[in-house]
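Residue-level structure breakdown
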Amino acid sequence: MKIEKLLLERDIDAVLITDILNVRYMTGFTGSTALGLALKDKRYLITDFRYSSQAKKEIENSGFELVCENVDLFLKVNEILKDNKVKRLGIEKRNITLENYDRFRESFNVEFVGIDEFFTKQRAIKSKEEIETIRKAVQIAEEALKKVIPKIKIGMKEIEIATELEYEMRKLGASKSSFNMIVASNERSALPHGVASEKRVEEGFLTIDYGCFYKGYASDITRTFYVGNKISEKHREIYEIVKTANELAIKAVRAGIKNRELDKIARDYIEERGYGKYFGHGLGHSFGLEIHEEPYISFKAQNTILEPGMVITIEPGIYLEGFGGVRIEDDVVVTEDGCEVLTTLSKELHIILQKE
């Protein structure tokens, strides 16, 4: 749905874009301060002097006209609304604080209409260009991990591994990590969000959940390793269960399947193997300009039918407190009759051996 169609269907005169990522999505502007304003026959990107040269270049093919305002961006919005006799204004309710909402009501003589779902639906389906950018973000992350794995050893701090990964990703072209990196060793691998700490790597599982931003788009990958020489059958068992659950779910991805149905495929398998209560989070999520976007692939999410062009993660896990945990996560693009797996790292259990 284009903005023109949104304006018509919702009977609104204009749309105010306040979420900076939605501003970027609609205009191409990559700065940190701007508002977008779309009317029936005009489009404006409103920013300040700091970004005037940058914005002029970035938005030249977007259909948006640059407006510089160095005092108060919202004053300029109000001026444009009045000049165009706007009566009904679409706003992003999720992005507006109560303070700003009260300010809007005092300043803007308009009726507000929530239009958050417009951007959610638009961004859920990635273009070919977006998918290629995400593919590059995945490649950068994978190449970085390949460089770091040989450096991992018992006694190394988790935070040191995270730092090495960040360094390698940036050398390969990433702008930054796509989230606070998870590096969790031994019993800490049972923490689904075990952010890298000062803890030193011990014999046992090592889960690394990481990714990077490349040209504004994220990647999100998880691999679990075993570090040491004394791997048990229980370690191998839960690893293979998670790996199979991951593969079963990926095989089922296709346009037309519901998100909750996909989650159930992996969840039922883990349940059948006796570890259902140890898989407490959703199977995955979409991502793009943000690391977590809709739709969510979860038993808790609102039912959504997957469509071609959606990019999602598949990340089942088993977490045993006091023992350790396993998560394996891949990035996939939904296609008409299946999916394309963007991640290429091996999912066979990699044992990082330690010399006696």
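Residues numbered from 1 in each chain as written. Predicted model: local features only at pLDDT ≥ 70, side-chain atom pairs only at ≥ 80, totals over all residues. Heavy atoms only, no water.

So, the packing of helix H7 (residues 128-148) against helix H8 (residues 158-171)
One can describe the packing of H7 onto H8 by two numbers: an axis separation of 8 Å at closest approach and a directional angle of 130°. As far as their axial angle goes, H8 and H7 are oblique. At the point where H7 passes H8, the crossing takes the right-handed sense. Touching Ile140, Ala141, Ala144, Leu145, Lys147 and Val148 of H7 are Ile161, Glu164, Leu165, Glu168 and Met169, all from H8. Looking at the contact of H7 with H8, its residues break down into eight nonpolar, no polar and three charged. (Axes fitted to C-alpha atoms, helices over the stretch in contact; angles between N-to-C directions. Helix = DSSP H or I, 4+ residues; strand = E, 2+ residues; numbered from the N terminus. Parallel < 35°, antiparallel > 145°, perpendicular 65-115°, else oblique. Left-handed = near helix turned anticlockwise from the far one by under 90°. Contact = heavy atoms within 4.5 Å. Nonpolar A, V, L, I, M, F, W, Y, C, P; charged D, E, K, R; others polar.)

Observations regarding the nonpolar core
Grouped together as the largest cluster of nonpolar side chains are 40 residues, with contacts concentrated most on Ile161, Met169, Ile208 and Tyr210. Among the secondary structure elements, those contributing two or more residues to this core are H7, H8, strand S9 (204-210), strand S10 (212-214), strand S11 (217-218) and strand S12 (221-227). Looking at this core, the element that brings in the most residues is H7, giving nine residues. For isoleucine 208, the residues in contact, after removing those within four places along its chain, are Leu145, Ile152, Ile161, Leu165, Ile182, Val183, Ile221, Thr222, Arg223 and Phe225. Among the nonpolar cores identified, the runner-up in size contains 34 residues, and Ala249, Ile250, Ile257 and Leu283 belong to it. (Core = buried A, V, L, I, M, F, W, Y, C linked by side-chain atoms within 4.5 Å. Buried < 20%, exposed > 50% of the residue type's maximum accessible area, 1.4 Å probe, protein only.)

Observations concerning the sheet that holds strand S6 (residues 111-114)
Adjacent strands of a sheet form backbone hydrogen bonds with each other and so pair up, either parallel or antiparallel. Strand order across the open sheet formed by six strands is S4-S3-S2-S1-S5-S6, with mixed pairing between neighbours. Across the chains shown, the open sheet's two edge strands, defined by having one partner strand only, are strand S4 (65-68) and S6. Adjacent strand axes in the sheet meet at a mean angle of 25°, parallel and antiparallel pairs treated alike. Bridging between strand S5 (residues 88-91) and S6 involves four bridges; their strand directions are parallel. (Pairing = 2+ DSSP bridges.)

A few points about the pairing of strand S2 (residues 35-39)
Most of S2 is tucked away: five of the five residues are buried. Side-chain alternation along S2 places Leu35, Leu37 and Leu39 on one buried face and Gly36 and Ala38 on a second face that is also buried. In this sheet, S2 lies alongside strand S1 (residues 14-17) in antiparallel orientation, the contact comprising four bridges. Bridge pairing in S2 links isoleucine 17 to glycine 36. Bridging between S2 and strand S3 (residues 43-47) involves four bridges; their strand directions are antiparallel. Looking at the pairing, alanine 38 lines up with arginine 43 of S3.

Focus on helix H2 (residues 20-27)
Along H2, the residues that are buried comprise Asn22, Val23, Met26 and Thr27. Burial along H2 is one-sided: seen end-on, the buried residues are contained in an arc of 115°. (Arc of directions from axis to C-beta.)

A closer look at the packing of aromatic side chains
Between two aromatic rings, the relevant description is the distance of the centres plus the angle of the planes. One pass over the full model with this rule turns up eight aromatic pairs. Residues tyrosine 101 and phenylalanine 112 carry aromatic rings whose centres are separated by 5.6 Å and whose planes lie at 50° to one another, so their mutual orientation is tilted. Taken together, the residues tyrosine 101 in helix H5 (residues 98-107) and phenylalanine 112 in strand S6 connect sequence positions 11 residues apart. For tyrosine 101, a relative accessible area of 31% translates into the label partly exposed. You can call phenylalanine 112 buried: its relative accessible area is 16%. Plain terms: the ring middles of phenylalanine 205 and tyrosine 226 are 6.2 Å apart, the flat faces sit at 80° to each other, and that makes the pair edge-to-face. With a gap of 21 residues between them, phenylalanine 205 in strand S9 and tyrosine 226 in strand S12 connect regions that are remote in the sequence. A residue is classified by how much of its surface remains accessible, and phenylalanine 205, at 0% relative accessible area, is buried. Each residue in the set Phe74, Tyr101, Phe104, Phe108 and Phe112 is aromatic and connected to the rest through ring pairs, giving one cluster. (Phe/Tyr/Trp six-rings, centres within 6.5 Å; stacked < 30°, edge-to-face > 60°.)

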